[in-house]
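Results of the structural survey
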Amino acid sequence: MAVAARGTRGGGSGGINGGHRTFFSYRIFISAIFTLLFLATFSILFSSHHHHHDDDSLPSSGNAYVQRTFLAVKSDPLKTRLDLIYKQANDHMTLVNAYAAYARKLKLDISKQLRMFDELTKNLTDLPLKPSYKSSLFEPGSPVDEDVLRQFEKEVKDIVKVARLMIVESKESYDNQIKIQKLKDTIFAVNELLIKAKKNGAFASLISAKSVPKSLHCLAMRLVEERVAHPEKYKEEGYKEEFEDPSLYHYAIFSDNVIAVSVVIRSVVKNAEEPWKHVFHVVTDRMNVAAMKVWFRMRPVEGGAFVGIKAVEEYRFLNSSYVPVLRQLENANMQKFYFENQAENATKDSTNMKFRNPKYLSMLNHLRFYLPEMYPKLRKILFLDDDVVVQKDLTGLWKVDLDGKVNGAVETCFGSFHRYAQYLNFSHPLIKERFNPKTCAWAFGMNIFDLDAWRREKCTEQYHYWQSLNEERTLWKLGTLPPGLITFYSTTKSLDKSWHVLGLGYNPSISMDEISNAAVIHYNGNMKPWLDIAMNQYKNLWTKYVDNDMEFVQTCNFGL
């Protein structure tokens, strides 16, 4: 027991001392660990600091927190401030260059602004290169001089201030240019749509002008039915000497439109002071001659005027051996040009369809060049188109002194428009040699012809010569006006413009005063007064001469 007790006491004392030793050993160990950690950290910091001074770059490895801590400790506030000022200068220099480049792209008349932009860019570029700034602020490894930095900052801010003012002023100008450009683009796009719409409209208008309205077809059919149903009422009349009496007032009207011819004759007679002295020579085609004769038998002309109706086929001399147009119609190439693939060609170009309209080779259109041979006993004749309306007595035309000229007509030129150059091909040597492109053109549709002078000047032979040369359409493209201008080039007498006002079939801007003062108004163009596409402001001038009491006009519902 005693041993045990001693052992216990001794063991107790030794345990206490052992505990103390253990505790102190642990403290020493902890202290050593912290010392080692401190030395390791100091070593890392020292090596990083030394490496930075060697190559002035950040450590590529190591603890990120330690790196940020070091940068915060080592950064120079003046250096940071210098970097910010320099970055501000560079940003504004980039912006100034951008605006200058955009100004050059727009090709604006702002040379002064461009010079100022270039000067600002140069100032911002040259400023850091000044010796005083370069040595004191941008020399590697040298400390930043605060006074020099302050001066540098002031100069940069002055330049930046000017740059901002320039940018504000320029931005408004460039924004307007952008708006203008967008507006131009919009106008261009709308114009393209307008051109397309005009082409489609012209195509539709040509189709309407060429087609026979249902009401007009109905009228012709009704008149023929009347002839078939009552043949005894419509026997051929005998010869009347008035048709060859040169002392009377003779008119030539060539048409296949019954109601149009009726309007022309009614308007002449209603405004004539002595209607019984007026003689109308109407020529139509074989298809419509019966309808024409029935109309004027059912509705005789008032005032005792005379109306004679013939088919073009009754003039036997008008054959292909004599008439160039008929000879050309027998040509295979001509037939192909005028009659094949018209719809396909028209959709590509509405003007092309106009050039290919077979009516321009119709004998009814070209009869006007054979007036002396058709009426050999007459001395003067007034030619009228079927789309005219007469508003005054026309007998004064027979009293006009033509000075030995063949054709009396109203000139249509104004400025550079409606001159020979517009109708003839002056690149062709024959045309260029014989005619003056600036010569004023005149109107076909109301022409007083001196048939004696015509025969003397051999105008029909002239027409034949030029029409034969134009078989390939190299001298002019269409119509009877170009060959008329050639045929009567030096033999046309200009009439007062009040005799003949044109354009009611295409021009909506003709003065009503000019129209009311005119002796003859002409619906030349596609918008004929008997079509639905006629212009309303002019239509009543034509419809008031329509014989609405005629039963077939009411039956066929002309919608007048």
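Small disclaimer: the values here were computed from a predicted structure and weren't measured. Here the residue numbers are simple positions, counted from 1 along each chain's written sequence. Where local features are concerned, this predicted model is filtered to residues with pLDDT of at least 70; where side-chain atom pairs are given and counted, the filter is 80 or more; whole-chain, interface and lining totals use all residues. With hydrogens and water set aside, each side-chain value is computed from the structure's full complement of heavy atoms.

Time to look at the pattern of salt bridges. In the sections that follow, a salt bridge refers to a side-chain nitrogen of Lys or Arg positioned within 4 Å of a carboxyl oxygen of Asp or Glu. On inspection of all chains with the given rule, the structure shows 19 salt bridges. Where K154 meets D158, a salt bridge forms, and the shortest distance between an N and an O atom there is 3.4 Å. With K154 and D158 both in helix α6 (residues 146-210), this residue pair falls four residues apart, about one helical turn. Relative accessible area decides the class of each residue, using a 1.4 Å probe on protein chains only: under 20% of the type maximum gives buried, over 50% gives exposed, and in between gives partly exposed. By relative accessible area, which is 48% here, K154 ends up partly exposed. Two residues, E274 and K277, come together in a salt bridge whose shortest N-O distance is 3.4 Å. A relative accessible area of 28% means that E274 is categorised as partly exposed. What you see here is one network of salt bridges that share partners, running through R266, R299 and D547. Here a strand is any run of E in DSSP of at least two residues, a helix any run of H or I of at least four, and the numbering for each starts at the N terminus.

So, about unusual backbone geometry. Notably, H418 is not glycine yet its phi reads approximately 55°, a positive angle. Relative to the helices and strands, H418 resides in the loop between β6 (407-410) and α16 (420-423). Of note, the phi angle at K458 is positive, near 55°, even though the residue is not glycine. Following the sequence through the fold, K458 ends up in the loop between α18 (451-457) and α19 (459-469).

Right, let's talk about the packing of helix α8 (residues 258-270) against helix α9 (residues 289-298) for a bit. To get an axis, a line is fitted to the C-alpha atoms, and for a helix only the part in contact is used. The angle between two axes follows their N-to-C directions and goes from 0 to 180 degrees. At their nearest, the axes of α8 and α9 sit 10 Å apart, and the two run at 40° to each other. The orientation of α8 with respect to α9, classified from their angle, is oblique. Here α8 runs over α9; the crossing is right-handed. Listed contacts from α9 to V258, V261, S262 and I265 of α8 are A291, M292, W295 and F296. The residue inventory of the contact of α8 with α9, partitioned by class, reads seven nonpolar, one polar and no charged. Any angle from 65 to 115 degrees is called roughly perpendicular, while one under 35 is roughly parallel, one over 145 is roughly antiparallel, and all others are oblique. By definition, turning the near helix anticlockwise from the far helix through less than a right angle yields a left-handed crossing, and turning it clockwise yields a right-handed one. Should any heavy atoms of two residues lie within 4.5 Å, those residues are counted as being in contact. Ten residues, namely Ala, Val, Leu, Ile, Met, Phe, Trp, Tyr, Cys and Pro, are considered nonpolar, four, namely Asp, Glu, Lys and Arg, are considered charged, and the remaining ones, Gly among them, are considered polar.

A few words now on the packing of aromatic side chains. For this analysis, a ring pair means two rings from Phe, Tyr or Trp (six-membered ring only for Trp) whose centres lie within 6.5 Å, classed as stacked if their planes differ by under 30 degrees, edge-to-face if by over 60, and tilted for the remaining angles. Per the counting criterion, the structure on display carries 23 aromatic pairs. Their ring planes at 75° and their centres at 5.1 Å tell us that W454 and F488 sit as a pair that is edge-to-face. Residue W454 is found in helix α18, and its partner F488 is found in the loop between α20 (481-487) and β8 (492-495); the two are separated by 34 residues along the sequence. Consider the ring centre and the ring normal. A charge sits over the ring if Lys NZ or Arg CZ is within 6 Å of that centre and within 35 degrees of that normal. It is R368 that lies over the ring of F444; its NZ or CZ is 4.8 Å from the centre.

Attention now moves to helix α22 (residues 536-543). Listed in full, the buried residues belonging to α22 are Y538, K539, L541, W542 and T543. Close packing links the buried residues of α22 with α8, β5 (388-390), α21 (512-516) and β10 (520-522).

For the rest of this paragraph, the subject is the state of the cysteines. When the sulfur atoms of two cysteines come within 2.5 Å, that pair is taken as a disulfide. Using the criterion set out here, one finds two disulfides in the structure. One disulfide in the model links C218 with C556; its S-S distance is 2.1 Å. Its S-S torsion of approximately -75° makes the covalent link between C218 and C556 left-handed. Separated by 338 residues along the polypeptide, C218 in helix α7 (residues 214-229) and C556 in the segment after α23 (551-555) bring together distant segments of the chain. Overall, the relative accessible area of 7% leaves C556 in the buried class.

This paragraph deals with the pairing of strand β3 (residues 306-311). A pair of strands counts as paired when DSSP detects no fewer than two bridges linking them. Note: strand β2 (residues 278-284) against β3, six bridges, orientation parallel. Bridging from a neighbouring strand, V279 pairs with F306 of β3. Whether a crossover is right-handed depends on one test, that the path from the first strand over the helix to the second runs clockwise when the strands point away from the viewer. On the question of chirality, the crossover connecting β2 to the parallel β3 by way of α9 is right-handed.

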